[in-house]
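Summary of structural features
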Amino acid sequence: MSSSTLIEVFGHIVFSFTRGVTEHYNPEALEFTAESFGYDPLESTGREWYYHPVDEFIFQEYSDRRDTTRSYLPSSSLNVRCTDACAPEENEETLGGQQDEDQSMAWKRLRPSTLFTVGKAMYIGALISLLTSTGIGSLFMSVIYLSYKTELNCQFHSKESIPVQVQWITSISGILSCAFLYMWFFVSMVLLFRPFQLIGVKKKLVLATFLLYGLDTLFRVVLQALQINQSKPFTKQKIPLHLLFLMSISVQVYLLMKHFLSGHSRRQRATFFFQMILPTCFSDILAFVATFSIYPAYVKQNKEGKLLIAIFAPLVGVVLKVISRISVQRLWKFTHPGYSYVLLAPVYFGSAVMFRVLQADLDSLQSMATLGIIHGVAEVLERSIMVIIDHFCHVVWKRKSAPWGSFRTPRRERLMADIAIMSMLYESIGIVSVNGVFFLYQLVYVENESFANLFKSFAIQTSILLVIEWFFTSVSLAIETHYQNMAVMAVWRKRWKRHILVAIVNAVPLALWSGRCIIEILHGRFSETNHPCKMPFS
């Protein structure tokens, strides 16, 4: 194959992935019509997200405002084409093809200069990777500190050496912290669906949550009354607690399934159930794999081995993210395009925190910075080729070929923009949170360093890693907006409050859940602990 042919093929691919969405998106194509998803428009239940009017829908960074209203709905507008009846057929085809090509690249005439885009990307990147991540990371650290001082106060002491009064305070602290874990999924569903969609099922969700939380509380009280140790995160005695939590999520998804798919077939119900619960299950699977497989292998390696594991371990999270993203895209009828990312937040947030532990555990700042640069480059590539990955997954899913760029529907473009924001924000939060956990562990449990020295080390490491992350976030923002017309900066400007709210809702339960796992890892690194077992905050 000659070099000119390769250049032509590459140019065609680049053109397909950088052309505008609305210009080549065909709402009449079978792939995008409602009937292709097994839905009859005449059987509207009133619970579809688009049943009530919606606000402005943003799915492109640069476009005519008329393209961001309702053109994303299947068959929502007429496609009128005017032709010149007097023109020869050859000229008509040539002219039509030229017009289509010009229109597909029309958005590039609306974008500002490259220098302006880079400056704007650095500003938005600083808001995401420096300011917002520091605030939410500080909240994560505060929750961890309270957990260390209450529930995990006597984590490394035998049951016999802990006073009974302290045991009960520890158990009560665990009961109170579990309230946030049980309410997390319900709050996420409130953020995922529009308010009118949950009318008639919201009270059932609350009732199911508190019922199973009550059983969890009762079981913990019984364990404490029988003097059974609850300090270890994974023991046979605590298996019922994990099952109760999973049952809480499953029951809520089942109630939502009955609410939205009343009268539908069993296959449609089962599909909805698995699509809703899959991202949450993947976040749990990721945590178990990291705790029982990756971390034990990591601590046994030398410096070079640890660096290699820290580089390639996040690939496990990448695979789970892709599967979760494909699953969420099939819920087009029930979730607003601008809210769908809420379902993916646990996978992205959990992955960011769990794998940042590997980076923070490296011995030298140089190794941390090297790993930060490698991860930064990988994150830019991952965000930039999400559309390409989705294209191949789309082809595999449908088992047939598809034109380049045909899968770039407005709904998927908006989801990609929200996912890019989540990735940037959660990776930066992970840096602050995990480094903060290491700092707090040494402050609370080891107690062989002064607060000033520990805080200085924490500030230097965190600042360097955050600056590296900010640089690559800015590069990613510039590429996605200037060359792919992905509405990352536009969505952040309009919906930053909602993204921060979703991050906070996931940060609190993640801190409570992961704190116990991370403390076991740190205990293996800092074998000497001088922390006495006494009343909390005494």
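All figures in this text were calculated on a predicted structure; none of them were measured in a lab.

**Quick notes on unusual backbone geometry**
- One non-glycine residue, Asn-485, adopts positive backbone phi at about 55°.
- Following the sequence through the fold, Asn-485 ends up in the loop between α15 (451-482) and α16 (488-525).

**Quick notes on the packing of aromatic side chains**
- In total, this model carries 18 aromatic pairs according to the counting rule given.
- Where Tyr-182 meets Phe-245, the ring centres are 5.6 Å apart and the plane angle is 90°; that geometry is what we call edge-to-face. One end of the pair, Tyr-182, is in helix α5 (residues 164-192); the other, Phe-245, is in helix α7 (residues 239-260), and 63 residues separate them in sequence. Accessibility assignment for this pair places Tyr-182 and Phe-245 in one class, buried.
- By the ring-pair criterion, three or more aromatic residues cluster together here, those being Phe-193, Phe-260, Phe-272 and Phe-334.

**With respect to the pattern of salt bridges**
- Summed over the entire model, instances satisfying the criterion amount to 8 salt bridges.
- One salt bridge connects Glu-379 with Arg-356, and the closest N-O pair in it is separated by 3.3 Å. Taken as a pair, Glu-379 in helix α12 (residues 365-384) and Arg-356 in helix α11 (residues 345-360) lie far apart in primary sequence, 23 residues in all. Accessibility classification places Glu-379 together with Arg-356 in one group, the buried group.
- Between Arg-414 and Asp-418 there is a salt bridge, with its nearest N and O atoms 3.0 Å apart. Of this pair, Arg-414 and Asp-418 both sit in helix α14 (residues 410-446), 4 residues apart, which is roughly one turn of that helix. Each member of the pair, Arg-414 together with Asp-418, is buried.
- A network of salt bridges, in which partner residues are shared, links Arg-356, Glu-379, Arg-383, Glu-427 and Glu-469.

**Section: α11**
- Across its 16 residues, α11 extends 22 Å between first and last C-alpha, which sits within 8% of the 22 Å expected from 1.5 Å per residue.
- Burial runs high along α11: 16 of the 16 residues are buried.

**Things to note about the confidence of the model for the protein**
- Summing up the model confidence of the protein, the mean pLDDT is 79 and the portion of residues at 70 or higher is 78%.
- Within the protein, the lowest mean pLDDT, 45, falls on helix α2 (residues 21-24), and the highest, 93, falls on helix α4 (residues 114-149).
- A low-confidence stretch, residues 74-87 (pLDDT under 50), is modelled with 13 contacts involving residues beyond four sequence positions or located in other chains.

**Some words on α7**
- Taking 1.5 Å as the rise per residue, α7 with 22 residues should run 32 Å; its terminal C-alpha atoms sit 32 Å apart, in good agreement.
- If you check which residues of α7 are buried, you get Leu-241, Leu-244, Phe-245, Ser-248, Ile-249, Gln-252, Val-253, Leu-255, Leu-256, Met-257, His-259 and Phe-260.
- For α7, the secondary structure elements touched by its buried residues are α5, α6 (202-225) and α8 (266-299).

**A few points about the packing of helix α9 (residues 303-312) against α12**
- Where α9 meets α12, the closest approach of the two axes is 10 Å, and the angle between their N-to-C directions is 25°. Taken together, the axis directions place α9 and α12 in an arrangement best described as roughly parallel. In this structure, the crossing between α9 and α12 has a hand that is right-handed. Taken together, the residues of α12 that come into contact with α9 (itself represented by Lys-303, Leu-307, Ala-310 and Ile-311) are Ser-367, Leu-371, Ile-374 and His-375.
- Of the residues assigned to the contact of α9 with α12, the class counts are 5 nonpolar, 2 polar and 1 charged.

**A few points about the nonpolar core**
- By size, the foremost hydrophobic cluster in this structure holds 121 residues, and its most contacted members are Tyr-148, Phe-193, Leu-256, Phe-272, Met-276 and Tyr-426.
- The leading source of residues in this core is α14, at 22 residues.

How each quantity is defined
- Residues numbered from 1 in each chain as written.
- Predicted model: local features only at pLDDT ≥ 70, side-chain atom pairs only at ≥ 80, totals over all residues.
- Heavy atoms only, no water.
- Helix = DSSP H or I, 4+ residues; strand = E, 2+ residues; numbered from the N terminus.
- Phe/Tyr/Trp six-rings, centres within 6.5 Å; stacked < 30°, edge-to-face > 60°.
- Buried < 20%, exposed > 50% of the residue type's maximum accessible area, 1.4 Å probe, protein only.
- Salt bridge = Lys/Arg side-chain N within 4 Å of Asp/Glu carboxyl O.
- Expected span 1.5 Å × (residues − 1).
- pLDDT = per-residue confidence, 0-100.
- Contact = heavy atoms within 4.5 Å.
- Axes fitted to C-alpha atoms, helices over the stretch in contact; angles between N-to-C directions.
- Parallel < 35°, antiparallel > 145°, perpendicular 65-115°, else oblique.
- Left-handed = near helix turned anticlockwise from the far one by under 90°.
- Nonpolar A, V, L, I, M, F, W, Y, C, P; charged D, E, K, R; others polar.
- Core = buried A, V, L, I, M, F, W, Y, C linked by side-chain atoms within 4.5 Å.

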